[in-house]
Amino acid sequence: MFLILGVLLGLSVGVFPGLGGIAGLSLVLPFIYGMDPVSGLALMVGLIAVIPTSDTFASVLMGIPGSSASQATVLDGFPLAKKGEAARALSAAFASSLFGGLFGATILTFFILIARPLVLAFGLPEMLMITILGLSMVAILAGRIPIKGVAAAGLGLMVGTIGEAGAGGSLRMSTYDLPYLIDGLTLVIVGLGIFAIPEIVALLRQDRAISRSGGLGAGWLDGIRDWWANLFLSFRCSVIGVIVGVIPGLGGSVVDWIAYGHTVQLAKDKSRFGSGDIRGVIGPESSNNAKEGGGLVPTLIFGIPGSGSMAVFLGGLALLGYDAGPQMIRNDLDVTYTIVWSLALANVFGAGLCIVFSSAIARLTTIRFTLLGPFLFMMISFAAFQSRQSLGDLVALFAVGLLGIFLRRFDWSRPAFLIGFVLSHQAENFSNMANQVAGAKFRRSFETGFDYIASPIVLVILALTVASIIIGVRQARQILPEGDVPVGRKRAPLIFLLVVTAYLMVAWVNAMMIDLMSDKIFPVTVSSITLVCCLLLLIRMIRAPETDAIFTDRAAGHDETEAAHGLWSTLSWFAGLLLLSSLLGFVLALSIFLVSFLRLRAGLGWARVLIMSAAGVAFITTMAGMLHRDFPPGLLQEFVKLPWPLG
Amino acid sequence: MKNIKTATCRAAASLAVMCLGATGFAAAAAAQDSLDLTGETVEFVIPFSESGGSAKWANFYAPLLSEALPGKPTVVVKYMPGAGSTKGANWFQQQEYEDGTVIFGSSGSTQFPYLLGDPRVKYEYGDWNVVLASGTGGVAYLPPDIAKKFDGDADGLKGIDFIYGSQGATRLDLVPLLAWEMLGMKVEPVFGIKGRGDGRLMFERGEASIDYQTSSAYLKGVVPLVDQGLAVPMMSWGALDADGNIVRDPTFPDMPTFKEVCEATKGCKTSGDAWSAWKAFFIAGFPAQKMVFLPKGAPDAAIATYKKAFDDVIARSDFPKLSAATLGLYPQMTGAQAKATLKLGTEVPLEAKAFVKNWLKERYGVSLK
């Protein structure tokens, strides 16, 4: 009963991009205290379990990565929606999620009793290698010109180093005068900026529905059939999900990329990946739900949360009077199994509900996008603001969004950039730490050191990485994660490359000025490599003719030249929303934005304009009120005290 | 009107004291004699994320506080992480008392940047009204093979290269790092872990050869290891008695304190600059670790209401049982005791500050500029 309540809550929170499990759990936490343990557990587990299921809606329908677990789903899911096959993509995703979740729970049932030594076998070198394996997926997602993909990933890594260094706390590309940058950019903002904004802007410019045909092609039954046809793939990706989930400290951010890379590498016909291959949805979705089961292992047996939502979950457990840790497995095995099987049941309910609704929700893709766009801007601004609750969030979102638009336009691999960004922190920290520990072991004796860095697990992952790079480089040309893009004039791509190069130079100089070796070595190395890539690109640009693939420019293509509205005018609507927010606060700004957008751009009658705007504002305030979230305040609020939600 | 005045107050930082008095007066005049929070939602703001010890602590108190406050308001924990907790604290500094629905929970990680003169700190503990102070302790432990060389003094540990998983030298880890150094041990911190739980994992994997945990984490995570013979406790940091002396930690009465070990170890002195610096930062980090505040300008009635609510929570018959798991057996202080703790935790002699700053710079190359 409470499980179903949890599932419903989880679904409604998960649909909201950028909120996810933490927000949902915080919502129920005040009520957990005093509940009987089984109901309380069911409520929380039901909520957590369906988040990676429900965030698929945003990824597939709008190209917004709902959470870190569904970044890779965007690559093929969104193109499918554009083809009018949203229902198919969704139901295939949910079927895979269901399978992954059940698989995870089954494994967990047996594994949890013997997992401890296995988990402890994954030390720093092993985790570093898995991070590198994740990075090696760049090879396959690099796009037509491999070196451009490497440069994109390098840029992502560099953007990931902005802020206070993990080891020594030196500042990189930021100052104490700009406190916002000290903590770096969050994944929510970069994910929304790189994927969502460029897509929303592009769709808005064309003024039509997401689905090109305007209708729904394949139905939800096709999706389930697709999943069944790829059962073995779903199984393999679930295994990947469980294994990566079990290792504490890695988190969910690598797992869907590894699963996606794996899916692509082992597929026979790769030509459609990136432009709508159903397997590109099944792979990552199977793995991300299996990961939740795997993620419970370190959470329960070590009491160390694998993710933010797991941390809140542990807090909830404590309220119920249980403490996760070795003693829980020993003394409260029944509670442990309640958790595990609630997870499985919640997956069944959640995925079942989602499949039933997918056809109906998929109809969103047939609505004229101009009516959808402003509400998406509303949601992503709100979601972005939740990451740091500062006006800086909105500025950062806009800046990253601009970068995303250009990466998309000039066909720099956005997945590669995002992988670089997501793994930047881990790559730097693990390599620094593993290096330090290894150094100490080598000082003791050569053998101890060698055993430490060259453990069997490390060697196996190393072999996998090398294989993945080789396969990737060989086949990258066939896979176009961004679809086919025409070539244009020389000037615009060249200018963008020069801007990127300039940023890297500044970052390089900035990193060279840091005193602490531990904080300096990573950005210096990465920016040097990326700069070399940029120089190679530059040389090629100068020598190649205008028809070379290096001058890819989406602006020259059919879609863009035919677009009803210009890039800058569309973007300035969004900029207007943000600017007004900084002056009047979010809710007032939003009201003005919705009314004027729907009236001026969409050309609706006043009655519909007012009803839709009011519905939008009411929706977002209810949502925020329930979750105890604030809205960005503006200058106005500095001077005049307004009641919530205006103030 | 009041807000315009506040804005100008903020601009003229040098007149902060005067403004404080003025707004405090205005708020006091507006408040009723006693606080009734029926139908209200109290926001318990902590400057940390949902993981971590402060979240646990706040979520432990929130439902209890909700029952104890007059009118039984809903108490929600609100997370405001960022900039090593200075962001949330800076935000709280700008709040004025309104109706008693905003409280703030700070921790040792908020006090350390304040004590060390971190440039990001724009808050002043003196402006806030403390209503609860929670203490804790900490235990250092060793792997069994190395523990054989430890017999109450650290003389046998001097030739060993220790590795320690650390969150950063300017955080709470400053206390153990300085303690080990005073004992003459060579401990190489590996910076960059995300929480003490990760440090314990490194220890369990054999990558780290020394570790420490705060009391509740030690009870939960390390005692099972000790039972299985995988870890051996070395010393506790100790606890403070009423006169401000370091005595044995009541949670771990059988464990020697760092003070005892230091006295037994050659070259380690329990007096002088290093010792007083260590002691000052130990107090800020452990016995005075977590506190709950009302914003500046809170009237006495509101302070008294919250004091009584926390007193009632602590007086519950099931409180010892509830708190043992989450908070450990440490004093939960209100009223004058809490004020005294606040003073201990936020007022550190200048020499101690200078010593630690210098040590951070020389030893780890860390400067807070």
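All figures in this text were calculated on a predicted structure; none of them were measured in a lab.

We now examine the overall build of chain A. On a plain count of helices and strands, chain A comes out with 31 helices and two strands. Out of the 647 residues in chain A, the part that is buried amounts to 62%. Surface summary for chain A: the accessible area is close to 22700 Å², and the carbon and sulfur share equals 70%.

Turning to the overall build of chain B, a few remarks are in order. If you tally the helices and strands in chain B, you get 15 helices and 13 strands. Counting only residues that meet the buried cut, chain B has 57% of its 369 residues in that class. Put simply, of all contacts in chain B between residues at least 6 apart along the chain, 78% involve residues at least 24 apart. On chain B, roughly 14200 Å² of surface is accessible, and the fraction owed to carbon and sulfur atoms is 55%.

What follows covers the sheet that holds strand 5 (residues 138-142) of chain B. Residue and element names in this part refer to chain B. Strand order in the open sheet made by the three strands is 8-5-9, with antiparallel pairing throughout. Since the sheet does not close on itself, it has two edges, and those belong to strand 8 (211-214) and strand 9 (232-236), each with one partner. Geometrically, the sheet is characterised by an average inter-axis angle of 30° between neighbouring strands, direction not taken into account. Strand direction decides the pairing type here: strand 5 and strand 9, joined by four bridges, are antiparallel. Considered in strand 9, the bridge of Val139 is made with Ser236.

The partner chain B presents 54 residues to the 48 residues of chain A that form the contact. For the pairing of chain A and chain B, the buried interface totals around 4300 Å² over both sides, and the portion due to carbon and sulfur atoms is 56%. Counting across the chain A and chain B interface gives zero salt bridges. Our enumeration of links across chain A and chain B arrives at five residue pairs in polar contact (both at pLDDT 80 or more). Among the secondary structure elements, those contributing two or more residues to the side of chain A that touches chain B are helix 2 (20-32), helix 7 (115-120), helix 8 (124-136), helix 17 (308-319), helix 18 (326-331), helix 22 (414-444) and helix 31 (635-639) of chain A. The element contributing the most residues to the side of chain A that touches chain B is helix 22 of chain A, with nine residues. Looking at the side of chain A that touches chain B residue by residue, the class counts come to 26 nonpolar, ten polar and twelve charged.

Before going further, it helps to spend a moment on helix 28 (residues 567-584) of chain A. Residue and element names in this part refer to chain A. Its 18 residues place the ends of helix 28 26 Å apart at the C-alpha level, agreeing with the 26 Å of an ideal helix rising 1.5 Å per residue. The complete set of buried residues in helix 28 reads Leu567, Thr570, Leu571, Phe574, Leu577, Leu578 and Ser581. Once helix 28 ends, the next one or two residues include Gly585, with phi positive near 90°.

This part takes up unusual backbone geometry. The residue A:Asp411 is not glycine, and still its phi comes out positive at about 60°. Within the secondary structure layout, A:Asp411 lies in the loop between helix 21 (391-409) and helix 22. When its relative accessible area of 11% is taken as the criterion, A:Asp411 is described as buried. Within the chain, B:Lys72 stands out as a residue other than glycine whose phi angle is a positive 40°. We classify B:Lys72 as exposed; its relative accessible area is 58%.

On to the confidence of the model for chain A. For chain A, the average pLDDT comes to 80, and 90% of its residues sit at 70 or higher. Element-level pLDDT for chain A is lowest in helix 27 (residues 558-561) of chain A, with a mean of 62, against a maximum mean of 90 in helix 21 of chain A.

Attention shifts here to empty space enclosed by the protein. Counting across every chain of the model gives six cavities of 30 Å³ or more. Approximately 60 Å³ is the volume attributed to the largest cavity. Lining the largest cavity are A:Gly303, A:Leu314, A:Leu317, A:Ala318, A:Tyr322, A:Asp323, A:Ala324, B:Lys56 and B:Lys220. Ranked by the residues each element gives to the lining of the largest cavity, the list is headed by helix 17 of chain A, at three residues.

This paragraph deals with the nonpolar core. Formed by 237 residues in total, the largest nonpolar core has its most connected members in A:Phe313, A:Leu317, A:Ile339, A:Trp412, B:Tyr61 and B:Tyr306. For this core, the leading source of residues is helix 22 of chain A, giving 14 residues. Ignoring sequence-local partners within four residues, the contact set of B:Tyr61 consists of B:Phe44, B:Leu132, B:Ser134, B:Phe310, B:Val313, B:Ile314, B:Phe319, B:Leu327 and B:Gln332. One finds B:Tyr212, B:Trp275, B:Ala284 and B:Val366 within the second-largest nonpolar core, a separate group that totals 70 residues.

Residues and elements named next belong to chain B. Taken in spatial order, the six strands line up as 2-1-3-12-4-13 in an open sheet, and their pairing is mixed. Strands with a single pairing partner mark the edges of an open sheet, and in this sheet they are strand 2 (74-79) and strand 13 (332-333). Sheet analysis places strand 3 (residues 102-106) next to strand 12 (residues 290-294), joined by three bridges and oriented antiparallel. Bridged to Ser106 within strand 12 is Met291.

Let us look at the environment of A:Gly316. Residue and element names in this part refer to chain A. Looking at the element boundaries, Gly316 is found in helix 17. Taking the relative accessible area as the measure of exposure, Gly316 reaches 0% and is therefore buried. It is 9.8 Å that separates the C-alpha atoms of Gly316 and Phe31, two residues lying 285 residues apart in sequence. Setting aside residues up to four positions removed in sequence, Gly316 forms contacts with Leu29, Ile32 and Met44.

Before going further, it helps to spend a moment on the packing of helix 12 (residues 187-206) of chain A against helix 21 of chain A. Each packed pair of helices is defined by two parameters, the angle between the axes and the distance between the axes. All names here are of chain A. It is at 7 Å that the axes of helix 12 and helix 21 come closest, and there the two elements cross at 60°. For the element pair helix 12 / helix 21, the angle class is oblique. Classified by chirality, the crossing of helix 21 by helix 12 is right-handed. Listed contacts from helix 21 to Ile189, Val190, Leu192, Gly193, Ile194, Ile197, Pro198, Glu199, Val201 and Ala202 of helix 12 are Asp393, Ala396, Leu397, Val400, Gly401, Leu403, Gly404, Ile405, Leu407 and Arg408. Tallied by class, residues from the contact of helix 12 with helix 21 come to 14 nonpolar, three polar and three charged.

Taking 1.5 Å of rise per residue, the 16 residues of helix 12 (residues 300-315) of chain B would be expected to cover 22 Å, and the 22 Å separating its terminal C-alpha atoms lies within 8% of that figure. Those residues of helix 12 of chain B not exposed but buried are B:Ala301, B:Ala302, B:Thr305, B:Tyr306, B:Ala309, B:Phe310 and B:Val313.

It is worth spelling out the confidence of the model for chain B at this point. All names here are of chain B. In the predicted model, chain B carries a mean pLDDT of 82, and the fraction of residues at 70 or more is 89%. The secondary-structure element of chain B with the lowest mean pLDDT is helix 1 (residues 2-11), recorded at 39, while strand 9 shows the highest, at 94. A low-confidence stretch, residues 1-32 (pLDDT under 50), is modelled with 20 contacts involving residues beyond four sequence positions or located in other chains.

Here we take up the pairing of strand 8 of chain B. Residues and elements named next belong to chain B. Neither face of strand 8 is open: one carries Asp211 and Gln213, the other Tyr212 and Thr214, and all of them are buried. Here strand 5 pairs with strand 8 via four bridges, running antiparallel. The residue bridging Gly138 from the neighbouring strand is Thr214, located in strand 8.

All names here are of chain B. Among the secondary structure elements, Val77 is positioned in strand 2. In the structure, Val77 is positioned 26 residues away from Ile103 in sequence and 9.6 Å away in space, judged by C-alpha atoms. If we ignore the near neighbours within four places in the chain, the residues touching Val77 are Phe44, Ile46, Ala58, Asn59 and Ala62.

Residues and elements named next belong to chain A. Contact geometry for helix 6 (residues 86-111) and helix 19 (residues 333-362): axes closest at 9 Å, N-to-C directions at 175°. In terms of orientation, helix 6 and helix 19 fall into the roughly antiparallel class. By residue class, the composition of the contact of helix 6 with helix 19 is 18 nonpolar, eight polar and no charged.

Below, the discussion takes up the state of the cysteines. All names here are of chain B. Evaluated as defined, the whole model comprises one disulfide over all chains. Disulfide pairing places Cys262 opposite Cys268 at an S-S distance of 1.9 Å. With the S-S bond torsion at -95°, the cross-link from Cys262 to Cys268 turns out left-handed. Each of the two residues, Cys262 as well as Cys268, counts as buried.

Calculation criteria
Residues numbered from 1 in each chain as written. Chains lettered and ligands numbered in written order. Predicted model: local features only at pLDDT ≥ 70, side-chain atom pairs only at ≥ 80, totals over all residues. Heavy atoms only, no water. Helix = DSSP H or I, 4+ residues; strand = E, 2+ residues; numbered from the N terminus. Buried < 20%, exposed > 50% of the residue type's maximum accessible area, 1.4 Å probe, protein only. Areas by Shrake-Rupley, 256 points an atom, 1.4 Å probe, with all protein chains shown as cover. Contact = heavy atoms within 4.5 Å. Pairing = 2+ DSSP bridges. Axes fitted to C-alpha atoms, helices over the stretch in contact; angles between N-to-C directions. Buried area = accessible area lost by both parts, 1.4 Å probe. Salt bridge = Lys/Arg side-chain N within 4 Å of Asp/Glu carboxyl O. Polar contact = N/O pair within 3.5 Å; in protein donor to acceptor, adjacent residues only side chain to side chain. Nonpolar A, V, L, I, M, F, W, Y, C, P; charged D, E, K, R; others polar. Expected span 1.5 Å × (residues − 1). pLDDT = per-residue confidence, 0-100. 1 Å grid on protein atoms, 1.4 Å probe; cavity = no way out; pocket = protein on both sides within 12 Å on 5 of 7 lines; lining within 4 Å. Points joined across faces, edges and corners; volume = space filled by probe spheres on them. Core = buried A, V, L, I, M, F, W, Y, C linked by side-chain atoms within 4.5 Å. Parallel < 35°, antiparallel > 145°, perpendicular 65-115°, else oblique. Left-handed = near helix turned anticlockwise from the far one by under 90°. Disulfide = S-S within 2.5 Å.

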